[in-house]
Amino acid sequence: MLIAQISDTHVSTPKGPDDDFLHTSEHLARAVAHLNRLDARPDLVVITGDLVDRGEVAEYERLRGLLAPLTMPVFLLPGNHDDRDNLRRVFVDHAYLPRDGFLQYTVDGWPVRLVVLDTNIPGEPGGRLCAERLAWLEARLAEEPQRPTVVAMHHPPFSIGLPLMDSFGLDGIDGLAAVLRRHSQVERVLCGHLHRPIVRRFAGTVACTCPATAHQLALDLPPANRLAIVMEPPACMLHLWLGDAGGLVTHVSLIGDKHPPLTLHDGQGWVRDAQPPPGFHAT
Ligand SMILES: [Fe+2]
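All figures in this text were calculated on a predicted structure; none of them were measured in a lab.

Peer 1: What am I meant to see in the side chain of Asn-86 here?
Peer 2: With respect to the helices and strands, Asn-86 occurs in helix 4 (residues 84–90). If we ignore the near neighbours within four places in the chain, the residues touching Asn-86 are Gly-55, Glu-56, Val-57 and Tyr-60.

Peer 1: Where do I start with the packing of helix 5 (residues 131–143) against helix 7 (residues 173–181) in this structure?
Peer 2: In a pair of packed helices, the angle between the axes and the distance between the axes together describe the arrangement. Running from N to C, helix 5 and helix 7 cross one another at 10°; their axes reach a closest spacing of 10 Å. On the basis of the axis angle, helix 5 is roughly parallel to helix 7. Contacts from Leu-134, Leu-137, Glu-138 and Leu-141 in helix 5 reach Gly-175, Leu-176, Val-179 and Leu-180 in helix 7. Residues that form the contact of helix 5 with helix 7 fall into these classes: 6 nonpolar, 1 polar and 1 charged.

Peer 1: What's the story with the pairing of strand 1 (residues 2–6) in this structure? I'm lost.
Peer 2: A regular strand carries its side chains on alternate faces of the sheet. Buried residues dominate strand 1, accounting for 5 of its 5 residues. Neither face of strand 1 is open: one carries Leu-2, Ala-4 and Ile-6, the other Ile-3 and Gln-5, and all of them are buried. In this structure, strand 1 lies alongside strand 2 (residues 44–48), joined through 4 bridges in parallel fashion. Considered in strand 2, the bridge of Gln-5 is made with Val-46.

Peer 1: Just checking my understanding: could you explain helix 3 (residues 57–67) for this structure?
Peer 2: Side chains that are three or four residues apart share a direction in an α-helix, a result of its 3.6 residues per turn. For helix 3, the full list of buried residues reads Glu-59, Tyr-60, Leu-63, Leu-66 and Leu-67. Projected down its long axis, helix 3 shows its buried positions confined to an angular sector of 115°, all on one face.

Peer 1: Mind showing me how you'd approach the layout of surface pockets here?
Peer 2: In this approach the atoms are scanned with a rolling probe the size of a water molecule, which exposes any empty space left behind. In this structure, the largest pocket spans a volume of roughly 280 Å³. Residue lining of the largest pocket: 16 residues in total, with His-10, His-81, Met-165, His-193 and His-195 positioned closest to the centre. Taken together, the residues of the lining of the largest pocket break down into 6 nonpolar, 6 polar and 4 charged.

Rules of the game
- Residues numbered from 1 in each chain as written.
- Predicted model: local features only at pLDDT ≥ 70, side-chain atom pairs only at ≥ 80, totals over all residues.
- Heavy atoms only, no water.
- Helix = DSSP H or I, 4+ residues; strand = E, 2+ residues; numbered from the N terminus.
- Contact = heavy atoms within 4.5 Å.
- Axes fitted to C-alpha atoms, helices over the stretch in contact; angles between N-to-C directions.
- Parallel < 35°, antiparallel > 145°, perpendicular 65-115°, else oblique.
- Nonpolar A, V, L, I, M, F, W, Y, C, P; charged D, E, K, R; others polar.
- Buried < 20%, exposed > 50% of the residue type's maximum accessible area, 1.4 Å probe, protein only.
- Pairing = 2+ DSSP bridges.
- Arc of directions from axis to C-beta.
- 1 Å grid on protein atoms, 1.4 Å probe; cavity = no way out; pocket = protein on both sides within 12 Å on 5 of 7 lines; lining within 4 Å.
- Points joined across faces, edges and corners; volume = space filled by probe spheres on them.

Pasting the structure below:
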């Protein structure tokens, strides 16, 4: 099973702030094309929040059009830039989305189960997992204790050492950790929000954040103390389930022009005197 993850698509209306100089919609179109042409076809795609920039209906309608070419099922969850009601209004045919309340749900039918959490606090950049949301998670994880499971949500449950970004963090981390420690089937906690690939051990599992499809967070480690974005190459994450023995392996796949590979071994044997194909630049 292959789970593709993209994040923080920040779709804006035409001429909106994220359209004008970040070109988020063009970047999402490239990400969709990238997922569609992967040799290893993902079974599903999950987008870990900040789907649009202002939570407006018109933005969700544009997002819907941009996602339409995807050739595999897509699952949505809200980030701090999203609006629950507008999201579910435009994606009313996405039957997995609850009709009211928090946008939390499970995805079943594949070897790895997906449990999606809603960390949104309307109007605030930070996130929260309150007692109600954590109780829901506890109940879902108790349903299938033997099933390898991935938990997906927008805000990561850890600080990253960038004080400004950490100030928009997640409330309820201790409660989440307590739940996860009781359910060892959780292979990964997949998050967005940080616009960078980051990995950390968390509560007996592994938590990671996904790069964004457009703008990334500049890596200003301490003692730097600023918040900046940078147009580093966008990427998606590919979470490959290799069975109970192999576990879940996470790859980062850069989005952009496909660079031609130089084949060293073709599956039958080593390629003697391999020559770089056209467009291969060893710079
Ligand atoms: Fe974001």
